[in-house]
Amino acid sequence: MTTALELKGLDKSFGGLRVTKGVDLAVVPGERRLIIGPNGAGKTTLFNLITGETKPDRGSVALFGADITGLPSRRRAHLGMARTYQIITLFPKDTLLHNVMLSLLGLTALRWNPWTRLDRNEALRERARAALAAVGLSHLAERPLAQTSYGERRRVEIAMALSQNPRLLLLDEPFAGLSIDERRDVQKLLFNIPREVTLVMIEHDMDTALDLAARISVMHFGEIVVDGTRAEVVAHPKTKEIYLGE
Amino acid sequence: MKRLAFAAALILFATAPFWVGGSFYVNILSQILIGAIFALSLDVLVGYAGLISLGHAGLFGVAAYGVAIALNAGLGHLAAVAIGLGLALAVTALFAVLALRTTGIGFMMITLALGQILWGLAYRWVDLTNGDNGLGASSRPTPFGFSLAAPVAFYYATLIAVCLALVAIAVFTRSAFGASLKGTRDQPRRMTALGYHVWMIRFFAFLFSGFWSAIAGILFFYYNQFISPHALALSASAEVLLMVIAGGSATLYGPVAGAALVVVMKSVASAYIARWNFALGAIFVAIVLFMPEGLVPGTQRLLRRGFNAQRSRASAPAEGG
């Protein structure tokens, strides 16, 4: 069985600081993998290495068996990799609908077309509406993003990622900055993502994220120190040491 | 409403030679229209790509010099214009490859340096450019048998060119590619993650901008029947940038209004005020203070506010009673 995502010996240093140290990770298709670890453990850098925004010094990244280590970020999107950011990066002046349409446009050849109007493309618009409906935001479709709440924006970001029909979805702290109610909404959304989509999620707050994942990797100082099922990881002495400082 | 305003403006411009009073003023209108095309071309980069170029006068001037050199080598107008356009596009591509390594201040500095190199070439490569004395042309072209020698005929030619530029840039910026371009302006990192080739999108926008700068440069050359290094100077690049910012970047009519403001101050007000540069500066300061988004969007905002105030005054007694 091929893996959805396989990392081998990923190394990255910024100056003298080794941010990831020979990270190995294998995620099978359909899996929900949670990567936890305290601030500064190198989780976001690991994500940037997976998406290609940062180039590794050593090691390899494979997506469904194909080596993508040297591929630029944009090509990885076309191969079925989507991500959300820890700090939401969307298009604040545009409507929610336009935000999702841009996401859909990114994977079509229409994005190079300098004469056809985007706002009159009914097919794309309908798909964008469906993606917004799936996250419960149909009623806000025509509202500029700047006039929505943080929780709503997080859902827009997830709608944009899912609208691209990714095979692998990377979520960078999807619960960061959300209220308890908003967390519940997002959690429900993530639960309902079909199993054809493999999920890899970063969180540093264990409680909200634990329910979602069957397998958990704990990262600390650039290394994956514990890797196992939920029960194994929670019981592991290293986890306690990192989180409780024993 | 917008279409009505456009139609009114078009009628005004189309009938202008009959009421504006003499070829002096017709020529000023031609200058405004040439400036408008130039400012529109720069706005593609400044407004829609978020890339501030300080070297666009170089592209404008290269097209003009291309035509001038070809004419002086004995070629016909059609061949000369083709050479001017081709040369300008090639130089634009080179500019883009070098400048698009960065954005922001770095992009400004590289375009500034490249513009200065072209200005230096025009000034110093005397064998080719005749240096500070510039290059002239003995005649204007006669497309389809219409002579453009008279000011009014030339004015109508530039008016057609402006209309073509407005339509082309409107279609371009509202297109799917235009949406991609605005996306790279607002969130380049996110656009990459969504599968867009940010560099290539900016490159094509740069080429499109360079094309219309070249058209403006060629019109400018035929308007004066002369080109000298002054047209490529940094002050010319800054002037067109001011047109865009004063009129309103990322709008269609802002650059046109900005061009009108600068040309009128330069050509008309300078006849009455010796320190016209000072007056223009004061106007820019006022625009930045009171309408930081530019003349066209600023006026729209004021009109809307006035309209809303009137409407709420009209409905207030009914609610109060």
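Residues numbered from 1 in each chain as written. Chains lettered and ligands numbered in written order. Predicted model: local features only at pLDDT ≥ 70, side-chain atom pairs only at ≥ 80, totals over all residues.

Chemist: Mind showing me how you'd approach the interface of chain B and chain A here?
Modeler: When the parts of a complex come together, some accessible area is lost, and that lost area is often used as the size of the interface. Residue-level contacts link 19 residues of chain B with 23 residues of chain A. Elements with a minimum of two residues in the side of chain B that touches chain A: α7 (151-174), α8 (176-186) and α9 (188-193) of chain B. When residues of the side of chain B that touches chain A are assigned to their parent elements, the largest contribution, six residues, is made by α8 of chain B. (Contact = placed C-beta atoms within 7 Å. Helix = DSSP H or I, 4+ residues; strand = E, 2+ residues; numbered from the N terminus.)

Chemist: Could you clarify how one ought to interpret the sheet that holds strand β9 (residues 215-220) of chain A in this entry?
Modeler: The strands that make up a sheet are held in pairs by hydrogen bonds between backbone atoms, and each pair lies either parallel or antiparallel. All names here are of chain A. Here six strands make up an open sheet; going across it, the order is β6-β7-β8-β3-β9-β10 and the pairing mixed. Each having just a single partner strand, β6 (81-84) and β10 (223-229) make up the two edges of the open sheet. When the angles between neighbouring strand axes are averaged without regard to direction, this sheet yields 15°. Where strand β3 (residues 32-36) and β9 come together, four bridges link them in parallel fashion. When the bridges of β9 are listed, Leu34 appears paired with Ile216. (Pairing = 2+ DSSP bridges. Axes fitted to C-alpha atoms, helices over the stretch in contact; angles between N-to-C directions.)

Chemist: Could you clarify how one ought to interpret the domain arrangement of chain A in this entry?
Modeler: Residue and element names in this part refer to chain A. Segmenting chain A into domains produces domain 1 (1-80 + 166-246) and domain 2 (91-164). On a C-alpha basis, the centres of domain 1 and domain 2 stand 26 Å from each other. Contact residues are listed per partner, giving 13 residues for domain 1 and 11 residues for domain 2. Taken together, the elements giving at least two residues each to the side of domain 1 that touches domain 2 come down to α2 (73-78) and α6 (180-191). Looking at the side of domain 1 that touches domain 2 element by element, the count peaks at four residues for α6. When its residues are assigned to classes, the side of domain 1 that touches domain 2 shows eight nonpolar, three polar and two charged. (Domains from an automatic or database assignment. Nonpolar A, V, L, I, M, F, W, Y, C, P; charged D, E, K, R; others polar.)

Chemist: Would you explain the packing of helix α3 (residues 56-72) of chain B against helix α10 (residues 198-224) of chain B in this entry?
Modeler: Between two packed helices, what matters for the description is the angle formed by their axes and the separation of those axes. All names here are of chain B. Close contact between α3 and α10 brings their axes to 7 Å; oriented N to C, the two are set at 50°. One way to sum up the angle between α3 and α10 is to call them oblique. When the axes of α3 and α10 are compared, the crossing they make is right-handed. Residues His56, Leu59, Phe60, Gly61, Ala63, Ala64, Val67 and Ala68 of α3 form the contact with α10, whose participating residues are Gly210, Ser213, Ala214, Ala216, Gly217, Ile218, Phe220 and Phe221. Grouping the amino acids of the contact of α3 with α10 by side-chain chemistry returns 11 nonpolar, five polar and no charged. (Parallel < 35°, antiparallel > 145°, perpendicular 65-115°, else oblique. Left-handed = near helix turned anticlockwise from the far one by under 90°.)

Chemist: Please clarify how the pairing of strand β8 (residues 198-203) of chain A should be interpreted in this entry.
Modeler: It is a general feature of regular strands that their side chains alternate between the two faces of the sheet. Residues and elements named next belong to chain A. The buried fraction of β8 is high, at six of six residues. Side-chain alternation along β8 places Thr198, Val200 and Ile202 on one buried face and Leu199, Met201 and Glu203 on a second face that is also buried. Here five bridges tie β3 to β8, and the two strands are oriented parallel to one another. Bridged to Ile35 within β8 is Ile202. In this structure, strand β7 (residues 168-172) lies alongside β8, joined through five bridges in parallel fashion. Residue Asp172 lies in a different strand from β8, and its bridge partner there is Ile202. The β-α-β motif built from β7, the intervening α6 and the parallel element β8 has right-handed crossover chirality. (Buried ≥ 20, exposed ≤ 12 C-beta atoms within 10 Å, placed from the backbone. Right-handed = clockwise from strand over helix to strand, strands pointing away.)

Chemist: What is the right way to read the nonpolar core from this model?
Modeler: Note on soluble globular proteins: their nonpolar side chains tend to be buried together. Within the largest apolar cluster, 161 residues are counted, with the highest numbers of intra-cluster contacts made by Val100, Ala159 and Met201 of chain A together with Ile37, Ala64, Val67 and Ile218 of chain B. Examining the composition of this core, we find that 16 residues originate from one element, helix α2 (residues 23-49) of chain B, more than from any other. Looking at this core, you find at least three residues from each of domain 1 (1-80 + 166-246) and domain 2 (91-164) of chain A. (Core = buried A, V, L, I, M, F, W, Y, C linked by C-beta atoms within 7 Å.)

Chemist: Please clarify how unusual backbone geometry should be interpreted in this entry.
Modeler: Trans is the common state for peptide bonds, and a negative phi is the common state for residues other than glycine. Unlike most non-glycine residues, Glu173 of chain A shows phi in positive territory, near 45°. The topology assignment puts Glu173 of chain A in the loop between β7 and α6. We note that Phe144 of chain B has phi near 55°; this positive angle belongs to a residue other than glycine. Among the structural elements, Phe144 of chain B can be located in the loop between β1 (135-136) and α7.

Chemist: Help me understand α2 of chain B in this model?
Modeler: Each α-helix turn comprises 3.6 residues. Residues three or four places apart therefore point the same way. All names here are of chain B. Over its 27 residues, α2 extends 38 Å from the first C-alpha to the last, a length consistent with the 39 Å expected when each residue adds 1.5 Å. The largest bend in α2 amounts to roughly 40° and is located at Asp43. With 22 of 27 residues buried, α2 lies mostly within the body of the structure. Positive phi shows up at Gly50, right after α2, with a value of about 70°. (Expected span 1.5 Å × (residues − 1). Bend = angle between axes of the 7 residues up to and from the residue.)

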